Amino acid sequence: MDFSIQPESTDYRNLPDELKQHSDIQYERLKNKLSEEQFAILDARPEFRFVLALSEFVSNTIFSYPKECCSLIQEGALDDSSFHTDPDPFVKEYLDEKLNDFELKRRLRVIRRIHHMAIAWRDLCGFADIDEIFEKLSALAESIVLRLLEVVRTQLKKVYGEAFDSDGSPLPLLVIGMGKLGGQELNFSSDIDLIFTYPREGETAGPRVVTFREFFSKIVQRSANFLSDITSDSFCYRIDLRLRPFGDAGAIVNSFDALQIYYETQGRTWERYALVKGRILGQNGTLDAYAQELTSMLRPFVYRRYLDYGAIQSLRKLKHLIESEVRRRCLNNNFKLGKGGIREVEFIAQAFSLMRGGRYYELREESLRKSLKNIISLDLIPRDICEKLDKCYVFLRRLENVIQEFSDKQTQNLPDNPKDMSRVLAAMNYSSEETFRHDLDEVMHFVHEEFKKVVADEEDSEEDYKNFDLWEADSDLEEMCAELEPHMVNKENTREMAGDILNLKVSLSRMPVGPVGRETLLELMPKVIYLIAREPQSAALFKRMSGLIEKIALRTPYIQLLRDKNEVLERFIELLKENHFASELITSHPILLDELFIPQYFNKPPSPDEFLSMLQEQLLRIDRDDLEAVMEELRLFKKMMVFRIALSDKAGKLPLMKISDALTWLAEAFIKELIVIAWELNAKKYGEPEGRSVEDPGIAVIGYGKLGGIELGYKSDLDMVFIKKAGDGVTNGENSVPESIFYQRLIQRIMHLATTTTVGGILYDLDMRLRPDGDTGVLISDTDSFELYQKSRAWTWEHQALVRARPIAGSPDIIQKFNQIREEVIRTPRDERKLKEDVVSMREKMRSHLDRSGDSLYDIKHGVGGMIDIEFISQYLLLKYAPAYPQMKLWSDNVRILEECANLGIVDKNITDALISAYIDIRQVYHELSLADFPRVVAVSDRIPATLKVEEIWRKIFSN
């Protein structure tokens, strides 16, 4: 879909005869009107006759204002892409405050027309890209509007005095540019949609006192008349003020308070839709205080904190109204409002803004093209789709501008006469109308198909829910059973499910769901009942589904999502069947329903490298000083990522090891970010240790256990030890403290960030009992004391734990020192008999305390031949053979340790293969039990056969 839509040639001799004749007529007309010098300026340009053939507006503007047009051309308006991209100086000079009304009106029209002449010339000839045209049209309109308001205010304050702020400065009149002006993508003959507001009420200080509302209303009304009145010089801009509160019936200008009350009590979805593109004019770069106040006031109305799928239904209704208007007015050739037109591209982008702009500030972008890029970066629509939508938008918008540049008429219809159609083909670089219409049809078909996926009504499912009205009927239990039974696959579940349906109806009837929520439930629940009735375990599934429905009943957008998106509802029911862990996550945090909308995560989770960057990007949206908000965002992000991993897991697209990898890399991303957050808090209070910074903090975090072995499960704790470099310095802040205190409080902050229970629960349980001296030891050891402890006081089981240790984050010098200590300790020769006795003794002690096996149950983790037996075997082998084999790699995960033993010939490969196979099988079952929220025990009859082989290998290795 790569269209070359700018003319490759501007030689008018290549045009159709009708256009050449038109060009000749205009050429002679201007030659007779202009002076020789003026005409020579134009005639010297090789594309002059090409432009005359395409645009009456250009030729008429030059005819009416030859001096001004030629002056612009001599200054470089046709050749310099940056010419007057900031028109403020020119506009301010041209629209002088001392002009009388007649001259001011004339100059407004002249300045707009001569600049549009230059813009049309560059556009029709293909000298400018679409962004330049958007920028120049928008900047000129904004500059003219703001300058005119200044001039009119100066005129009126002679009569009414000035509206002063509390500090004695003039109170500002703020202008919200709406639509394409707000998005800085104005079209050539566009209306200008504006909303006017001022910060507070009061009275003017002058000869004739009026309220601020009266004063500013007079400025707005007078300015609008100056711009839109038709004179002998045409008009400047058509001003549309109907987007203000209450439309034509409302005040022409409102105070901040009046705006806030209106949007809180009366605001409708289409007004939210309009305000997505609202931009305060004249605020280049950083907003001033009043603009910030206005933006902060409007944001909660436009962008909801939670995912707002209810906006989709409202956009559908708005689209249906537009389609009805298109049909009523027979706008069959309208490429703005018709199917696949400009408006549908806008709806696609703004649907995401309305739904998700409360969480993602990138979606609060007024510009449509920038919005599409941000949608790509947030992975909401595939990149190739967004890029095609952008190309379609550029095609349609250039077509719109080209047609309007012919004679400055506001139209988005294809021409119905051959002459103008020939102009379209020439300006859009087409040699035949057939090819052009083919490409236009392709563009509009693609846009409409994507529009249907995002906004349009979902096509009816193959299943017919309309006559399935069990939910609405006022039935008792027996009646409900009779109605439900024909639809049930498992008839034995009928009575239990019927009772739960009635219980849910009673429960919901007592909740303040509201009329929209009740209407949505009337449409949703028949779908839910029908889909679940087809499942063998329907009663259990409906009970789980009821938990979610009760949880989200007061959040209408979520039940609207399930009602409107059959694929999301069906995916959730699949989760209820197979993935209790993930379904419980959704029930506790309904915001995760949105993840079911992103099917790529059914195939794979985010790549390991993405976790940290995604987390950091997410935190950019949160005020770092709001620690509570930061902690909630951390917890929500974890749930979203774990949920994505669980989706990939249950879809069977990734092997167990990759799932553990993903959970481990996610935990590592959090550890790295927690260090940063805690460091910033500590440094703000105490300063930093000498020579250390957040990039080089002077500590290392060592992961033990499953974190160190890259084998985390869904509910794993994080076993961690902190070490630092020995030192007795102090921090460099005003409230300086010894380094030891600084680091101790740093670790305490990390623990607080991770383990504090908030609304979102905890982030991770941190287990630090593997540090030197366990619970009685200090939170962080220096490298010297850590080394001394490991080499002289540590127990064998602590060296077993060290086998599984791995640096996670921190300063390179400390990580290097830890790796050196670990290698020296693991390679230290040991008394083999004592090593074996210590390992067996610790294993027996653990089994006596933790094994849940019995006559009928088998503990897959601590039972004989279970997961811990394999871990102890691998640790024992590494501690036994590492001293004798200098080439032996000191892996921290069990699988690679066993593979290394086989590679070196230490252990028979058949034995290591059996252990590895058993370990993976056990962990697979362990994962499945976690996902289903079951304990780690199975029936003895379901014991994994491979564990019997592990039991046999254990006896061989540890027998005397």
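These numbers were taken from a predicted model, which means no experiment stands behind them.

1. Concerning the overall build of the chain
Next, step 1: Looking only at helices and strands, one finds 39 helices and twelve strands in the chain.
Next, step 2: Its C-alpha atoms put the chain at 115 × 80 × 65 Å along the principal axes.
Next, step 3: When the 960 residues of the chain are sorted by exposure, 56% land in the buried category.
Next, step 4: Restricting the contact set of the chain to residue pairs at least 6 apart, pairs at least 24 apart contribute 75%.
Next, step 5: With an accessible surface of roughly 41400 Å², the chain has 48% of that area assigned to carbon and sulfur atoms.
Next, step 6: In the chain, 128 positive and 158 negative side-chain charges are present, and the distance between their average locations comes to 1 Å.

2. Here's the deal with the pairing of strand β2 (residues 192-198)
Next, step 1: Within β2, seven of the seven residues are buried, which leaves the element mostly enclosed by the surrounding structure.
Next, step 2: Two elements, strand β1 (residues 174-177) and β2, share four bridges in a ladder whose sense is antiparallel. Within β2, the position partnered with leucine 174 by the bridge is threonine 197.
Next, step 3: Sheet analysis places β2 next to strand β3 (residues 239-240), joined by two bridges and oriented parallel. Looking at β3, one finds that isoleucine 192 is bridged to isoleucine 239.
Next, step 4: At this point the chain moves from β2, through helix α10 (residues 212-228), to the parallel β3, and the crossover so formed is right-handed.
Next, step 5: Across two bridges, the pairing between β2 and strand β4 (residues 254-255) is parallel. Looking at the pairing, threonine 197 lines up with asparagine 254 of β4.

3. Points about a negative patch on the surface
Next, step 1: On the surface, Asp474, Asp476, Glu479 and Glu483 cluster together to form a negatively charged patch.
Next, step 2: As for its placement among the helices and strands, aspartate 476 is situated in the loop between α19 (433-454) and α20 (477-484).

4. Considering the environment of aspartate 500
Next, step 1: Position of aspartate 500 among the secondary structure elements: in helix α21 (residues 494-509).
Next, step 2: Sequence separation between aspartate 500 and isoleucine 677 is 177 residues; the distance between their C-alpha atoms is 47 Å.
Next, step 3: Among residues more than four places away in sequence, those in contact with aspartate 500 are Ala539, Phe542 and Lys543.
Next, step 4: Of the polar contacts made by the side chain of aspartate 500, one reaches the side chain of lysine 543; its length is 3.0 Å.

5. Looking at the nonpolar core
Next, step 1: If you look at the biggest cluster of nonpolar residues, it comprises 205 residues, and the most contacted ones within it are Trp121, Leu194, Phe216 and Phe436.
Next, step 2: Once residues within four sequence positions are removed from consideration, phenylalanine 436 is found in contact with Phe395, Leu399, Leu414, Met421, Val424, Leu425 and Tyr430.
Next, step 3: Core analysis: the second largest hydrophobic core is formed by 42 residues, Val528, Leu531, Ile573 and Phe643 among them.

6. Here's the deal with the pattern of salt bridges
Next, step 1: In the structure shown here, the tally under the stated rule is 63 salt bridges.
Next, step 2: Notably, a salt bridge pairs glutamate 832 with lysine 880, separated by 3.9 Å at the nearest N-O pair. One end of the pair, glutamate 832, is in helix α35 (residues 832-850); the other, lysine 880, is in helix α36 (residues 867-881), and 48 residues separate them in sequence.
Next, step 3: Take glutamate 832: its relative accessible area is 44%, and that puts it in the partly exposed class.
Next, step 4: The class for lysine 880 is partly exposed, based on a relative accessible area of 22%.
Next, step 5: Its salt-bridge partner being aspartate 869, residue arginine 843 comes within 2.5 Å of it at the nearest N-O pair. Of the two residues, arginine 843 sits in helix α35 while aspartate 869 sits in helix α36, which places them 26 residues apart along the sequence.
Next, step 6: For arginine 843, a relative accessible area of 1% corresponds to the buried category.

7. Topic: the packing of aromatic side chains
Next, step 1: Under the definition given, this model contains 27 aromatic pairs.
Next, step 2: Note on tyrosine 430 and phenylalanine 436: the rings are 5.4 Å apart at their centroids and 75° apart in plane angle, and the pair reads as edge-to-face.
Next, step 3: When its relative accessible area of 0% is taken as the criterion, phenylalanine 436 is described as buried.
Next, step 4: Here the aromatic rings of phenylalanine 786 and phenylalanine 818 are separated by 5.9 Å at their centres, their planes lie at 45°, and the arrangement is tilted. In this pair, phenylalanine 786 sits in helix α32 (residues 783-792) while phenylalanine 818 sits in helix α34 (residues 812-826), placing the two residues 32 residues apart along the sequence.

8. Some words on the side chain of lysine 861
Next, step 1: Relative to the helices and strands, lysine 861 resides in the loop between β11 (857-859) and α36.
Next, step 2: Here lysine 861 occupies a buried position and makes no salt bridge, while the nearest side chain of opposite charge, glutamate 871, is found at 6.9 Å.
Next, step 3: Once you skip the residues sitting within four places of it in the chain, lysine 861 turns out to touch Arg843, Gly866, Met867, Ile868, Tyr926 and Arg936.

9. Overview of the pairing of strand β6 (residues 699-704)
On a regular strand, one side chain projects to one face of the sheet and the next to the other, so that they alternate.
Next, step 1: In terms of residue burial, β6 counts as a mostly covered element, since six of its six residues are buried.
Next, step 2: The alternating pattern of β6 places Ile699, Val701 and Gly703 and Ala700, Ile702 and Tyr704 on opposite faces, both of which are buried.
Next, step 3: Sheet analysis places β6 next to strand β7 (residues 718-724), joined by six bridges and oriented antiparallel. Bridging across to β7, alanine 700 finds its partner in isoleucine 723.
Next, step 4: As paired strands, β6 and strand β10 (residues 806-810) are joined by four bridges and run antiparallel to one another. Bridge assignment links alanine 700 to a residue of β10, and that residue is glycine 810.

10. Remarks on helix α7 (residues 101-124)
Next, step 1: For α7, with 24 residues, the first-to-last C-alpha span of 34 Å sits near the 34 Å given by 1.5 Å per residue.
Next, step 2: For α7, the N-terminal cap is asparagine 100; the gap from its side-chain oxygen to the backbone nitrogen of phenylalanine 102 is 3.2 Å.
Next, step 3: One or two positions beyond α7, positive phi appears at glycine 126, with a value near 80°.

11. What to know about the environment of isoleucine 860
Next, step 1: Structurally, isoleucine 860 is set in the loop between β11 and α36.
Next, step 2: Residues isoleucine 860 and threonine 947, spaced 87 residues apart in sequence, show a C-alpha to C-alpha distance of 8.5 Å.
Next, step 3: Residue contacts for isoleucine 860: discarding those within four places in its chain leaves Gly866, Met867, Ile922, Val925, Tyr926, Leu929, Arg936 and Val938.

12. Looking at α34
Next, step 1: Between its first and last C-alpha, α34 extends 21 Å over 15 residues, near the 21 Å set by a 1.5 Å rise per residue.
Next, step 2: For α34, the set of buried residues is Ile814, Phe818, Ile821, Arg822, Val825 and Ile826. For α34, the angular spread of buried residues about the axis comes to 120°, placing them on one side. Away from its buried face by more than 90 degrees, α34 exposes Pro812 and Gln816.
Next, step 3: Against β6, β7, α32, α33 (796-803), β10 and α36 lie the buried residues of α34.

13. Section: the environment of glutamate 478
Next, step 1: With respect to the secondary-structure elements, glutamate 478 resides in helix α20.
Next, step 2: Taking the C-alpha atoms as reference points, glutamate 478 and arginine 495, separated by 17 residues in sequence, lie 8.3 Å from one another.

14. Things to note about the confidence of the model for the chain
Next, step 1: Mean pLDDT over the chain: 88, with 91% of residues reaching 70 or higher.
Next, step 2: Throughout residues 458-467 the model reports pLDDT below 50, and contacts reaching past four residues in sequence, or to other chains, amount to 14 contacts.

15. Comments concerning unusual backbone geometry
Next, step 1: Positive phi is not limited to glycine here, since serine 234 has a value of about 75°.
Next, step 2: Since its relative accessible area comes to 26%, serine 234 is described here as partly exposed.
Next, step 3: Of note in this structure, aspartate 408 is not a glycine but carries a positive phi near 60°.
Next, step 4: With respect to the secondary-structure elements, aspartate 408 resides in the loop between α17 (383-407) and α18 (418-427).

16. Quick word on the packing of α17 against α19
Next, step 1: Following both chains from N to C, one finds α17 and α19 inclined at 130°, their axes separated by 10 Å at the closest point. The orientation of α17 with respect to α19, classified from their angle, is oblique. In this structure, the crossing between α17 and α19 has a hand that is left-handed. Residues Ile385, Lys388, Leu389, Cys392, Phe395, Leu396 and Leu399 of α17 pack against Phe436, Asp439, Leu440, Val443, Met444, Phe446, Val447 and Glu450 of α19.
Next, step 2: Its residues assigned to classes, the contact of α17 with α19 shows twelve nonpolar, no polar and three charged.

Quick notes on the rules
- Residues numbered from 1 in each chain as written.
- Predicted model: local features only at pLDDT ≥ 70, side-chain atom pairs only at ≥ 80, totals over all residues.
- Heavy atoms only, no water.
- Helix = DSSP H or I, 4+ residues; strand = E, 2+ residues; numbered from the N terminus.
- Buried < 20%, exposed > 50% of the residue type's maximum accessible area, 1.4 Å probe, protein only.
- Contact = heavy atoms within 4.5 Å.
- Areas by Shrake-Rupley, 256 points an atom, 1.4 Å probe, with all protein chains shown as cover.
- Lys, Arg positive; Asp, Glu negative; His and termini not counted.
- Charge placed at Lys NZ, Arg CZ, Asp CG, Glu CD.
- Pairing = 2+ DSSP bridges.
- Right-handed = clockwise from strand over helix to strand, strands pointing away.
- Patch = residues over 30% accessible without salt bridge, like charges linked within 9 Å, V, L, I, M, F, W, Y side chains within 5 Å.
- Salt bridge = Lys/Arg side-chain N within 4 Å of Asp/Glu carboxyl O.
- Polar contact = N/O pair within 3.5 Å; in protein donor to acceptor, adjacent residues only side chain to side chain.
- Core = buried A, V, L, I, M, F, W, Y, C linked by side-chain atoms within 4.5 Å.
- Phe/Tyr/Trp six-rings, centres within 6.5 Å; stacked < 30°, edge-to-face > 60°.
- Expected span 1.5 Å × (residues − 1).
- Arc of directions from axis to C-beta.
- pLDDT = per-residue confidence, 0-100.
- Axes fitted to C-alpha atoms, helices over the stretch in contact; angles between N-to-C directions.
- Parallel < 35°, antiparallel > 145°, perpendicular 65-115°, else oblique.
- Left-handed = near helix turned anticlockwise from the far one by under 90°.
- Nonpolar A, V, L, I, M, F, W, Y, C, P; charged D, E, K, R; others polar.

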